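Coordinates in review
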Amino acid sequence: MNSDFRTTMNSDESSYNSTLAMCIYYLTIGTLAILANILNLAMYMHSRDARRTYMCFIAFEFGELINSISFILTGAGRLQTLLGGQMYQQITAHTCFYERYTVIHVSQRYWPHALILGTEIPTLFLILTSIERIFAVCCPAMFNGIFSERRKCGMIVICVALAGGSIGAAAASAYNNQMMSGSGHCGIIHSTAKWYSTFHFIFIIIGYGVSLLSLIVMKLYSLKFRDVGKQALRRDTKTNILIAFTATSLLLVASPSIVMIGLRWEWFTMDDIWVALAYSATVMVSIANMIINFIFRDDFRQTLFRWTNSIGIMIGQMCKIALIHSVLACIITMRSSRTFTTLPPHLITDL
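Residues numbered from 1 in each chain as written. Predicted model: local features only at pLDDT ≥ 70, side-chain atom pairs only at ≥ 80, totals over all residues. Heavy atoms only, no water.

**Some details on helix α5 (residues 111-138)**
Put simply, the rule is: Secondary structure elements follow DSSP: runs of H or I no shorter than four residues count as helices, runs of E no shorter than two count as strands, and numbering proceeds from the N terminus. Here, expected helix span is obtained from the residue count minus one, scaled by 1.5 Å. Think of it in three bands: residues with accessible area under 20% of the maximum for their type are buried, residues over 50% are exposed, and the middle band is partly exposed, with areas taken using a 1.4 Å probe on protein chains only.
Counted at 1.5 Å a residue, the expected span for α5 with its 28 residues is 40 Å, and the 41 Å between its end C-alpha atoms agrees. Here α5 lies mainly inside the structure; 21 of its 28 residues are buried.

The structure is reproduced here in structure tokens:
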């Protein structure tokens with residue numbers, strides 16, 4: 001019995017440490033991804049022409065920003081649950097999705113909803129961007145008419161509405177769902193019905209597959225109407241790198257989807273550390289996008305260097321103001337001390 005008790009205690013300690021490491025990792029990687037999203041958005045929105053041209057990419061980056069924020073919310077929420085001693089209690093899907101946290105009676109378990117939106121919104125916008133790319137290559141005469149600025153705004157609104165419908169379906173699948181989970185992680189697979197979580201992760205894989213397919217179509221058309229010269233060679237090189245990057249992104253997104261589907265259907269079990277590493281592959285796309293933009297986009301580098309210079313100038317001005325204030329404070333203090341010591345003795349006695 002003592003041996004079994006020690007084994008259980010060691011297992012609980014290991015689970016606690018793994019979950020704690022997961023929370024810290026999610027908070028760290030989420031913060032880095034948010035910074036990458038902000039830089040990407042700054043590149044796409046630095047001028048009116050850029051905002052008009054990259055409207056769908058801007059929507060995609062906002063979706064990726066929601067995904068990055070969802071990692072912060074998940075890490076903070078699970079850490080709160082862990083430190084509150086509620087992590088390893090039995091909990092239903094309905095409770096995960098709807099009910100309030102039992103220790104702090106203010107906030108709900110808000111991260112399952114953020115996890116759903118953070119992966120589905122970027123996927124919807126990625127599909128929209130892929131369709132735009134296919135029309136631009138295959139039907140250039142129809143492109144400007146179909147993808148006008150006003151119609152793009154309408155398509156973006158439709159994508160947001162579809163994401164809202166998906167949240168509604170998730171809420172319906174979780175309502176009065178008494179499926180029990182052995183921990184308070186409250187991920188998508190713990191907070192929704194089996195059919196919804198399976199659909200969700202398969203949809204993510206399909207979205208990135210459509211993006212890869214659009215790039216392959218663009219590559220085939222470029223081979224069919226191939227130009228000669230250094231500019232054409234540079235364009236082909238960029239297309240090849242984009243295909244390789246999108247294929248890598250597909251693998252990054254497919255791996256956590258397969259892991260989550262396997263866990264939901266109980267094909268295997270995994271430690272929290274490995275689940276965290278697998279699922280964080282979705283947010284790695286934001287950081288990879290920033291690296292790709294930095295390497296291949298001159299306007300991105302210019303915007304980044306402009307930001308760096310502005311921040312450096314601002315910090316320099318703040319340091320200069322702080323130094324001036326410190327010097328003035330020292331002068332005032334020295335004068336005050338001199339004035340006090342030169343007072344007449346009877347005044348000093350009266351004081």
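**Focus: the pattern of salt bridges**
Put simply, the rule reads: A pair is scored as a salt bridge if a Lys or Arg side-chain nitrogen falls within 4 Å of a carboxyl oxygen belonging to Asp or Glu.
A complete count under the given rule lists three salt bridges for this structure. D49 serves as the salt-bridge partner of R52, at 3.1 Å between the closest nitrogen and oxygen. With R52 and D49 both in helix α2 (residues 48-53), this residue pair falls three residues apart, about one helical turn. Residue R52 is classed as partly exposed on the basis of its relative accessible area of 31%. Put simply, D49, R52 and E149 are held in one network by salt bridges that share partners.

**A word on the packing of helix α3 (residues 55-83) against helix α12 (residues 281-296)**
In plain terms, the rule: Note on method: axes are straight lines fitted to C-alpha atoms, helices fitted across the in-contact stretch only, with angles between N-to-C directions ranging 0 to 180 degrees. Note on terminology: angles under 35 degrees are roughly parallel, angles over 145 are roughly antiparallel, angles of 65 to 115 are roughly perpendicular, and the others are oblique. For any pair of crossing helices, the crossing counts as left-handed if the nearer helix is rotated counterclockwise from the farther one by less than a right angle, and right-handed if it is rotated clockwise. Residue contacts are counted whenever heavy atoms from the two residues lie within 4.5 Å of one another.
Axis separation between α3 and α12 bottoms out at 9 Å; the angle between their running directions is 130°. Taken as axis vectors, α3 and α12 run oblique relative to one another. The handedness of the crossing between α3 and α12 is left-handed. Of the residues in α12, those touching α3 at F60, E61, E64, N67, S68 and F71 are T282, V283, V285, S286 and N289.

**Remarks on the packing of α3 against α5**
Test applied: Residues are sorted three ways: Asp, Glu, Lys and Arg are charged, Ala, Val, Leu, Ile, Met, Phe, Trp, Tyr, Cys and Pro are nonpolar, and all the rest, Gly among them, are polar.
Axis separation between α3 and α5 bottoms out at 8 Å; the angle between their running directions is 165°. One way to sum up the angle between α3 and α5 is to call them roughly antiparallel. Crossing hand, α3 versus α5: left-handed. A class-by-class count of the residues in the contact of α3 with α5 yields 15 nonpolar, nine polar and four charged.

**Section: the state of the cysteines**
Stated precisely, the cut-off is as follows: Whenever a pair of cysteine sulfur atoms sits within 2.5 Å, that pair is classed as a disulfide.
Counting across every chain of the model gives one disulfide. Note that C96 is cross-linked by a disulfide to C186, the S-S spacing being 2.1 Å. The sign of the S-S torsion, about -75°, decides the handedness of the disulfide formed by C96 and C186: left-handed. On the criterion of sequence distance, the pair formed by C96 in helix α4 (residues 93-97) and C186 in the loop between β2 (180-181) and α8 (188-191) is long-range, its members being 90 residues apart. Across this residue pair, the class does not change: C96 and C186 are buried. Considering cysteine sulfurs only, C159 is the nearest to C56, which forms no disulfide, with 8.0 Å between them.

**A few points about the nonpolar core**
Applicable threshold: As used in this record, nonpolar core signifies buried Ala, Val, Leu, Ile, Met, Phe, Trp, Tyr and Cys residues forming a set joined through side-chain atoms within 4.5 Å.
The biggest cluster of nonpolar side chains holds 31 residues, and the ones touching the most others in it are I116, F201, M260 and Y279. By residue number, the principal contributor to this core is helix α1 (residues 2-44), which donates five residues. Once residues within four sequence positions are removed from consideration, F201 is found in contact with I188, I189, S257, M260, I261 and Y279. The next biggest cluster of nonpolar side chains, apart from the first, holds 25 residues, and it includes L128, F143, C159 and L215.

**Describing helix α7 (residues 149-174)**
Here α7 is 26 residues long and its end C-alpha atoms lie 38 Å apart, about the 38 Å a rise of 1.5 Å per residue gives. Listed in full, the buried residues belonging to α7 are K152, I156, C159, A163, S166, I167, A170, A171, S173 and A174. Positive backbone phi, approximately 55°, marks N176, located one or two places after α7.

**So, a nonpolar patch on the surface**
The criterion, for reference: Surface patches are drawn from residues lacking salt bridges whose relative accessible area is over 30%; two like charges belong together within 9 Å, two nonpolar side chains (Val, Leu, Ile, Met, Phe, Trp, Tyr) within 5 Å. Surface accessibility in these figures is a Shrake-Rupley result with a 1.4 Å probe; residues are shielded only by whichever protein chains are displayed.
On the surface, a nonpolar cluster with roughly 760 Å² of combined accessible area is contributed by L32, L35, I38, W307, I311, M314, I315 and M318. Among the elements of the structure, α1 and α13 (298-341) are those that each provide at least two residues to the nonpolar patch. Counting residues per element, the nonpolar patch draws most heavily on α13, which supplies five residues. Mapped onto the elements, L32 comes out in helix α1.

**Some details on the confidence of the model for the protein chain**
The condition is simple: The quantity called pLDDT is the predictor's confidence in a given residue, expressed from 0 to 100.
In this model, the protein chain carries a mean pLDDT of 80, and residues with pLDDT of at least 70 account for 84%. In this model residues 346-351 is a low-confidence stretch, pLDDT under 50, and it forms four contacts with partners more than four residues away in sequence or in other chains.

**Some points on the packing of aromatic side chains**
What counts, and what does not: Side-chain rings of Phe, Tyr and Trp (the six-membered ring for Trp) are treated as a pair once their centres are within 6.5 Å; stacked means planes under 30 degrees apart, edge-to-face means over 60, and tilted covers the remaining angles. Counted as over-ring charges are cases with an Arg CZ or a Lys NZ within 6 Å of the ring centre that also lie within 35 degrees of the ring normal.
Summed over the entire model, instances satisfying the criterion amount to 14 aromatic pairs. Look at Y44 and Y54: their rings are 5.2 Å apart centre to centre, the planes differ by 50°, and that puts the pair in the tilted class. Residue Y44 is found in helix α1, and its partner Y54 is found in the loop between α2 and α3; the two are separated by 10 residues along the sequence. Assigned by exposure class, Y44 and Y54 land together as buried. Summarising the aromatic geometry, the rings of Y98 and Y175 are spaced 5.9 Å apart at their centres and angled 85° between planes, so their arrangement reads as edge-to-face. Separated by 77 residues along the polypeptide, Y98 in the loop between α4 and α5 and Y175 in the loop between α7 and β2 bring together distant segments of the chain. Exposure remark for Y175: the relative accessible area of 54% places this residue in the exposed category. Pairwise contacts between aromatic rings join Y25, Y26, F71 and Y279 into one cluster. Over the ring of W265 we find K194, and its NZ or CZ is 4.3 Å from the ring centre.

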